[in-house]
Amino acid sequence: MMQPVNVVLVGGGGREHALARALLRSPRLGKLWITHPENPGLAALGTPVDIPVNRREIYRLRTFCAKNDIGLVVIGPEDPLAEGFVDELSTPDTLVFGPTAAGAQIEADKVWCKSLLRSASVAVAEGRGFTDHHQARAALEGKIKDDKVLFTALGPMRQFETGDEKREFILSKLGAALDAAAPRGKPNALEPRARAALSIAFACGDSFRTPDDRAAFIDNLIRTDATIAKAATTPLSDLPVIKAAGLAKGKGVVVPSTYADCLATITDMMVKKIHGAAGEQIVVEERLEGPEASVLAITDGRTIVSLPVCQDHKRLLDGDKGPNTGGMGVFCPSPNVSDDLLMTIEREVLVPTVDALKRDKINYKGVLFAGLMLTAGGPKVLEYNCRFGDPETQPLMARLKSDLLELLLATCKGTLDEVILEWDSSAACCVVLASEGYPDKPRLGAVISGVEAAEKMPGITIDHAGTRRNAEGELVVGGGRVLCVTGLGATAREARARAYAACEAIRFSGKIMRSDIGLAAAAAAVA
């Protein structure tokens, strides 16, 4: 008989609650220790460790593992992986699931990741990294500016004695630039006229010697000139995606629709530092078109095992509107990825990535989570994550029939080729219930009711993402994403109906949820 394995699970969100559920199904599990007992879902399943868990005091967790005969540490979130928990905790007696700090760069450093993927000839969204916000603004202006319109409106530039004279001359040509772009009243004139107005603003700014003075002038012009202000808030096509290069807890990607959005994002990340060190470098990246897909695979550095493909919904509101979030829901399997396409992704994305990591002397073990855009020219990598996705893990663990503990142990030992995964044939739909004010300023403390009734509904699993107990013992909102409600069903339509019925049974003030999670999958199944 195989020896029981004691496990420490690091992390305290919905992903870790789902992993804990799956680990408890393993007959080999000895004792499950958890690091975040403030999560009521996790508190009901494991025993809290009696030490602080952080990078500065990692020696205490190492001692705890030795003292309590811990055979496996499972690290859920990306931060501990990037901080080197795997490097510090791994011993011959204690295996740790996840990549080393070097491997975790694939998520923690988007610029490094792009360089790695280019070296492997993996198709990626093209982009550049910037550490200077003025250079980032200049790159953005290059994607907006209409040089042809400027030349038509301004003609050959003559010499001016002062910058003020030059700016006065350029601004006097604003009307000519707008007409050169598109006469007033012409169909579809709004965007070309906006680009023309912004081009005039950029040309005026070029008369300043320092980047700070240039930026201040353009910003002031947007505030004080009605025509240029309107142009700055006019939706423009083909604007880039702006990403914090570091770890921003799933909130470091912005898909702007206007020049003003772009400026605000660059300022927030690089000047105001709303994401801290994660935004000190940003990536300005081409915007790709097509459906997205989340492909999670597990690798031991030699063997790659793909998990069922998920489709995440990042935007806060229905129809993929509103700000980006950590994820508002998932359905699985995705109808957008056929078996043949998955084989292509494995061959052209996953295998070359693992090979490139090997060439960099990185023996990657753990989850490779590729966020893909399925373009007309084939799948392209938007980004990689180095851990189980959240909320992708919740429906995956609800469908997993194999022994998760054995899977994780095999990954750490390099024997993944001996594992055969078995999945429930059901479709899964996971809906995230978020708090009022999410993602910017979630309001906490609202009392939650109906969870126990919802859990009794057929096919329903509820994972606690951001809940707490108040002083009276009531379940309350404790974070931005509060609960993850997963419904299983014989069809995508049934899974979706069950998930939303359970969501309706759960009540708290300010509850936010999308109403279209899994809608495309249900429609595709009917068609």
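Overview of the structure. Note that the structure is a prediction, hence the values are computed from the model and not measured. (Residues numbered from 1 in each chain as written. Predicted model: local features only at pLDDT ≥ 70, side-chain atom pairs only at ≥ 80, totals over all residues. Heavy atoms only, no water.)

**Structural notes on the packing of helix 8 (residues 133–144) against helix 15 (residues 259–271)**
Two numbers describe how helix 8 lies on helix 15: the axes approach to 10 Å, and their chain directions differ by 165°. With respect to helix 15, the axis of helix 8 lies roughly antiparallel. The crossing of helix 8 and helix 15 is right-handed. Contacts between helix 8 and helix 15 pair His133, Ala136, Arg137, Leu140, Glu141 and Ile144 from the former with Tyr259, Cys262, Leu263, Ile266, Met270 and Val271 from the latter. Within the contact of helix 8 with helix 15, the residues separate by chemical class into 9 nonpolar, 1 polar and 2 charged. (Axes fitted to C-alpha atoms, helices over the stretch in contact; angles between N-to-C directions. Helix = DSSP H or I, 4+ residues; strand = E, 2+ residues; numbered from the N terminus. Parallel < 35°, antiparallel > 145°, perpendicular 65-115°, else oblique. Left-handed = near helix turned anticlockwise from the far one by under 90°. Contact = heavy atoms within 4.5 Å. Nonpolar A, V, L, I, M, F, W, Y, C, P; charged D, E, K, R; others polar.)

**Some words on the pairing of strand 9 (residues 282–285)**
Neither face of strand 9 is exposed, since Ile282 and Val284 on one face and Val283 and Glu285 on the opposite face are all buried. Relative to strand 9, strand 6 (residues 127–130) runs antiparallel, the two sharing 4 bridges. Within strand 9, the residue paired with Arg128 across the bridge is Val284. Pairing of strand 7 (residues 241–244) with strand 9, which is carried by 4 bridges, proceeds in the antiparallel orientation. Bridging across to strand 9, Val241 finds its partner in Glu285. (Buried < 20%, exposed > 50% of the residue type's maximum accessible area, 1.4 Å probe, protein only. Pairing = 2+ DSSP bridges.)

**Things to note about the pattern of salt bridges**
Tallied over the entire structure, the rule returns 29 salt bridges. Across the pair Glu88 and Arg55 runs a salt bridge whose closest N-O atoms are separated by 3.2 Å. Of this pair, Glu88 sits in helix 5 (residues 85–89) while Arg55 sits in the loop between strand 3 (47–48) and helix 3 (58–67), and the two are 33 residues apart along the sequence. Relative accessible area serves as the criterion here: at 28%, Glu88 is assigned to the partly exposed category. Residue Arg55 is classed as partly exposed on the basis of its relative accessible area of 31%. (Salt bridge = Lys/Arg side-chain N within 4 Å of Asp/Glu carboxyl O.)

**Brief notes about the sheet that holds strand 18 (residues 427–434)**
In spatial order, the strands read 12-15-18-22-19; together these 5 strands make up an open sheet with antiparallel pairing. Here the strands that pair on one side only, and so sit at the sheet edges, are strand 12 (311–312) and strand 19 (460–464). Note that strand 15 (residues 329–332) and strand 18 share 4 bridges and pair antiparallel. Bridge pairing in strand 18 links Phe331 to Cys429.

**Observations regarding the nonpolar core**
Core analysis: the biggest nonpolar cluster contains 48 residues, and Val73, Ile106 and Tyr384 have the highest contact counts within it. If one sorts the elements of this core by residue count, helix 16 (residues 339–359) sits on top with 8 residues. Apart from residues no more than four positions distant in its own chain, Tyr384 is found in contact with Ile106, Glu107, Cys113, Leu117, Val349, Leu350, Thr353, Leu368, Phe369 and Ala370. Of all hydrophobic cores here, the second largest spans 44 residues; its members include Ala136, Ile228, Ile242 and Ile266. (Core = buried A, V, L, I, M, F, W, Y, C linked by side-chain atoms within 4.5 Å.)

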